[in-house]
Structure formats: structure tokens, C-alpha cells
Amino acid sequence: MAAQSTEVSVRIVRYAVGGVCHYGELEPGDVTIARFEGDPFTGLSLTGHVDEVRDVAILPPVEKPRIYGFAYNYASHVGETDREIPEVPVCFMKPSTAVVGPGGCHRLSDGWRTHPFRGRVGRGHRKGSPPCQGIGGS
């Protein structure tokens, strides 16, 4: 007899409705969100309230995240520059504004017409979602 899986898939989202932030579970079909009270760090409990996805703004998963990155942490990356391989990778932080929710855009101030460094952007999105529009200065 095969063992039965005990894995449970819960998709927790952070969202705003009426200017108020909440956490909730994105329910099957991606049409509704079962609202939670609390947050993932102190504990969540269902409130019994359900919000329609079309009526909310999906937000980044956490407010004011701390984002750490590492540079020159693999030989081919160092090989793209004129730098020596460091003894330890270079650690850097990004501002919390570097994280946006689905459909959000990173905006550069007017002074940033060109940037001498290459950047990497990670973007999670639903299949068929439109690309980010209006990237750049205002």
C-alpha cells in the first residue's frame, strides 16, 4: 500500500483592499482570497471574510523587506569584469523599494537615463500577464 501524501499547498498572499493591508489564502481558481487575521510571523487565523481578487491590489509578500545580494560569487561572473576573484563574495543590499507586487514597475528617477552596470530582475507572474509598462523616469 502506497503512503498517502500529507503535503498541503497553501498560497498565502499579501494584499490591500480599501487601503487596508491583509494576508489571505488565494483559493483554488485564483478568483477569491480567504482573509486572515494576523501575519505569517506572529500567526494567522481565518476571519471568515472572502475578498474577490478583482477588487484587491496584490502586494509584495512582506512590507519593507531586507534584500541581500552577492556579487562575483562565481568564476564566469568575475570573468565578465576586469576584477580579481575575491577571497569571499561581495555582499550588498538593495532598498526595500526594489520589491514590487504583480504588475508593479520599478521607476528610475529622471537622473538615471543610463546606468553603467548590468542588472538582474526577477519577476514572478501569471501565464499571459502583460509586461511591465512605463519603465523609466516620470
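Because the structure is a prediction, the values reported are computed rather than measured. (Residues numbered from 1 in each chain as written. Predicted model: local features only at pLDDT ≥ 70, side-chain atom pairs only at ≥ 80, totals over all residues. Heavy atoms only, no water.)

The next point concerns the nonpolar core. Of all hydrophobic cores here, the largest spans 6 residues; its members are Val 13, Tyr 15, Leu 26, Ile 33, Val 53 and Val 56. In this view, Tyr 15 contacts Val 20, Cys 21, His 22, Tyr 23, Gly 24, Ile 33, Arg 35, Asp 51, Val 56, Ala 57, Ile 58 and Leu 59; residues no more than four positions away in its chain are not counted. (Core = buried A, V, L, I, M, F, W, Y, C linked by side-chain atoms within 4.5 Å. Buried < 20%, exposed > 50% of the residue type's maximum accessible area, 1.4 Å probe, protein only. Contact = heavy atoms within 4.5 Å.)

The next point concerns the side chain of Arg 14. Mapping Arg 14 onto the fold places it in strand 1 (residues 12-17). No salt bridge is formed by the buried Arg 14; its nearest oppositely charged neighbour, Glu 63, is found at 4.3 Å. A polar contact of 2.9 Å, which involves the side chain of Arg 14, links it to the backbone oxygen of Pro 60. Dropping the residues within four chain positions of it, Arg 14 is found in contact with Cys 21, His 22, Tyr 23, Ala 57, Ile 58, Leu 59, Pro 60, Pro 61, Val 62 and Glu 63. (Helix = DSSP H or I, 4+ residues; strand = E, 2+ residues; numbered from the N terminus. Lys, Arg positive; Asp, Glu negative; His and termini not counted. Salt bridge = Lys/Arg side-chain N within 4 Å of Asp/Glu carboxyl O. Polar contact = N/O pair within 3.5 Å; in protein donor to acceptor, adjacent residues only side chain to side chain.)

For the rest of this paragraph, the subject is the sheet that holds strand 2 (residues 20-26). The strands making up a sheet associate through hydrogen bonds between their backbones, and the pairing can be parallel or antiparallel. Taken in spatial order, the 5 strands make up an open sheet running 4-3-2-1-5, and their pairing is antiparallel. Two strands lie at the open edges of the sheet, namely strand 4 (43-52) and strand 5 (57-58), each paired on one side alone. Pairing geometry for strand 1 and strand 5, over 2 bridges, is antiparallel. Each residue of the ladder has a partner; that of Ala 16, found in strand 5, is Ala 57. (Pairing = 2+ DSSP bridges.)

With that out of the way, let us pick up the pattern of salt bridges. Inspection of every chain in the model, using the stated rule, returns 4 salt bridges. For Asp 51, the salt bridge goes to Arg 35, with nearest N and O atoms at 3.0 Å. A residue pair is termed long-range when its members are at least 10 positions apart, and Asp 51 in strand 4 and Arg 35 in strand 3 (residues 32-39) qualify at 16 residues. Classification of Asp 51 by relative accessible area gives buried; the value is 6%. Taking the shortest distance from any N to any O, the salt bridge between Arg 54 and Glu 52 comes out at 3.6 Å. Residue Arg 54 is classed as exposed on the basis of its relative accessible area of 67%. In this structure Glu 52 comes out as partly exposed when scored by relative accessible area, which is 27%.

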